[in-house]
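Residue strings, one per chain:
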Amino acid sequence: MEVKIEKQRGLAEIENEKRFAIAQPLNKRDLVEIVDAWQEKLKVKPNRIQIRKMRNKWCSCSSKGNLTINSELTRLPREIVEYAILHELLHLIVPNHGKTFKVLLSAYLPDWEELHSKLASCSVLLSKII
Ligand SMILES: [Zn+2]
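Enquirer: Could you give me a rundown of the overall build of the chain, with the residues and numbers involved?
Expert: Scanning the chain from N- to C-terminus turns up five helices and three strands. Counting helices and strands in the order they occur from the N terminus, the chain gives α-α-β-β-β-α-α-α.

Enquirer: Lay out the packing of helix H2 (residues 28-42) against helix H3 (residues 78-90) in plain terms, naming residues and giving numbers.
Expert: Each pair of packed helices can be summarised by the angle the axes make with each other and by the distance between the axes. Put simply, H2 and H3 touch, their axes get as near as 10 Å, and they point 45° apart. Of the possible angle classes, the one that applies to H2 and H3 is oblique. In this structure, the crossing between H2 and H3 has a hand that is right-handed. Judged by residue contacts, Ile 34, Val 35, Trp 38, Gln 39 and Leu 42 of H2 engage Val 81, Glu 82, Ile 85, Leu 86, Leu 89 and Leu 90 from H3.

Enquirer: Could you give me a rundown of the nonpolar core, with the residues and numbers involved?
Expert: Formed by 19 residues in total, the largest nonpolar core has its most connected members in Ile 69, Leu 73, Tyr 83, Ala 84 and Ile 85. Sorting elements by how many residues they give to this core places H3 first, with seven residues. Those residues in contact with Leu 73 that sit more than four places away from it in its chain are Leu 31, Trp 58, Val 81 and Ala 84.

Enquirer: Outline the confidence of the model for the chain, listing residues and values.
Expert: Looking at the chain as a whole, its pLDDT mean stands at 84, while 78% of the residues score no less than 70. Summarising per-element confidence for the chain, the mean pLDDT is lowest in helix H1 (residues 2-23) (55) and highest in helix H4 (residues 99-108) (97).

Enquirer: Can you lay out the pairing of strand S3 (residues 66-70) for me, pointing to particular residues and giving the numbers?
Expert: Bridge analysis of strand S1 (residues 48-52) against S3 gives five bridges, and the strand direction is parallel. In the sheet register, Ile 49 faces S3, and the bridge partner there is Leu 67. In terms of strand pairing, strand S2 (residues 59-61) meets S3 through three bridges, oriented antiparallel. Bridge assignment links Ser 60 to a residue of S3, and that residue is Thr 68. In textbook terms, the turn of a hairpin is the stretch between consecutive antiparallel strands, and for S2 and S3 this stretch comprises four residues, one of which, Gly 65, has a positive phi near 85°.

Conventions we followed
- Along each chain, residues carry numbers from 1 onward, in the same order as the chain's sequence is written.
- A pLDDT threshold of at least 70 governs which residues receive local features in this predicted model, and a stricter bar of 80 or more applies before side-chain atom pairs are shown or counted, although totals over entire chains, interfaces and linings include all residues.
- Segments assigned H or I by DSSP are reported as helices when at least four residues long, segments assigned E as strands when at least two residues long, and all are numbered from the N terminus.
- For every element, the axis is a line fit to its C-alpha atoms; helices are fit only across the contacting stretch, and the angle between N-to-C directions ranges from 0 to 180 degrees.
- When describing relative orientation, an angle under 35 degrees is termed roughly parallel and one over 145 degrees roughly antiparallel, while 65 to 115 degrees is termed roughly perpendicular and anything else oblique.
- Two helices that cross are described as forming a left-handed crossing if the nearer one is turned anticlockwise from the farther one by less than a right angle, and a right-handed crossing if clockwise.
- In this description, any two residues whose backbone-derived C-beta atoms lie within 7 Å of each other are considered to be in contact.
- Here, a nonpolar core denotes buried Ala, Val, Leu, Ile, Met, Phe, Trp, Tyr and Cys residues that are linked to one another through C-beta atoms within 7 Å.
- Counting other C-beta atoms within 10 Å of a residue's own tells you its class, since 20 or more makes it buried, 12 or fewer makes it exposed, and anything in between is partly exposed; those C-beta atoms are placed from the backbone.
- For every residue, the predictor reports its confidence as pLDDT, a number between 0 and 100.
- Two strands are said to pair when DSSP picks up at least two bridges between them.

Next comes the structure, spelled out in structure tokens:
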């Protein structure tokens, strides 16, 4: 019985930690860490990474492999930020949004379609917050 109570408390603590994590806004350093983690997973290396405010885009990746990340992404939930960054880094492997691109997205983030629509709905905010 004691063990069970211990377990329950453990779970409650974990839930609280999760809530805390969600409530914590991201910062630029978090963005860099997310980029680094995906770079490692995808085995890609952008030519240059820049984090700055942009008016119209959350992220972009040029044909030269220069990645620009909108610093305003820190205002969005982490899971959406993960998707946005994965999306751009994948363009270093597949430049278009064709079948291969979607297969790779599904392999790395199975719920990417949901995250994509969430990001798209957040884009409405983009022009208003900057
Ligand atoms: Zn794209």
